[in-house]
Amino acid sequence: MVFWSRIRISNSDNTGSSHSTGPKASRTNTTESNSAGAVSQWLLARWQAWREARAERDVLASYRADYGTNARLRWWQRLRAGFGLLVMVSVLGLGLSLLVGVFFVAMTILLETIV
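What counts and how
Residues numbered from 1 in each chain as written. Predicted model: local features only at pLDDT ≥ 70, side-chain atom pairs only at ≥ 80, totals over all residues. Heavy atoms only, no water. Helix = DSSP H or I, 4+ residues; strand = E, 2+ residues; numbered from the N terminus. Buried < 20%, exposed > 50% of the residue type's maximum accessible area, 1.4 Å probe, protein only. Areas by Shrake-Rupley, 256 points an atom, 1.4 Å probe, with all protein chains shown as cover. Phe/Tyr/Trp six-rings, centres within 6.5 Å; stacked < 30°, edge-to-face > 60°. pLDDT = per-residue confidence, 0-100. Expected span 1.5 Å × (residues − 1).

**A look at the overall build of the chain**
Right, on to step 1. A tally of helices and strands in the chain yields 3 helices and 0 strands.
Right, on to step 2. Scored against the burial criterion, the 115 residues of the chain give a buried share of 5%.
Right, on to step 3. A total accessible area of about 10,300 Å² is found for the chain, and carbon and sulfur atoms account for 65% of it.

Here it is as structure tokens:
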């Protein structure tokens, strides 16, 4: 199951802080950084609102694949997949052998009618 509430959007530059305090910060124009911060905050708020709305109406969320620490295959899922694979291989093998058999019977009948 996908836990949309655990997905985070960060404004950080992956340095551990969302605010730059180095010499580069003093060189930027404060109006540009304030407007950029306002835009990014607005985008973050819109994304969170969309995410919450989607989580409320996402009826297929329980059928989605797990990922991260919850991505495990249970024994019964492995057994079901193995059984499904066995059935598919058996049906396809049976169909192929049936086609080959029909081909050789048809060729035998055609050969007998020609000769």
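Additional details are given in the paragraphs that follow.
**With respect to the packing of aromatic side chains**
Right, on to step 1. All told, the structure shown has 2 aromatic pairs when counted by the stated rule.
Right, on to step 2. Measuring from centroid to centroid gives 5.5 Å for Phe103 and Phe104, while their planes differ by 70°, and the two rings are edge-to-face.
Right, on to step 3. For Phe103, a relative accessible area of 44% gives the class partly exposed.

**Overview of the confidence of the model for the chain**
Right, on to step 1. Model confidence for the chain is summarised by a mean pLDDT of 77, while 70% of its residues fall at 70 or above.
Right, on to step 2. Between the elements of the chain, mean pLDDT differs from a low of 51, seen in helix 1 (residues 23–27), to a high of 96, seen in helix 3 (residues 75–114).

**Remarks on helix 3**
Right, on to step 1. Spanning 40 residues, helix 3 covers 58 Å between terminal C-alpha atoms, matching the ideal 58 Å at 1.5 Å per step.
Right, on to step 2. For helix 3, the tally of buried residues reaches only 0 of 40 residues, placing the bulk of the element at the surface.

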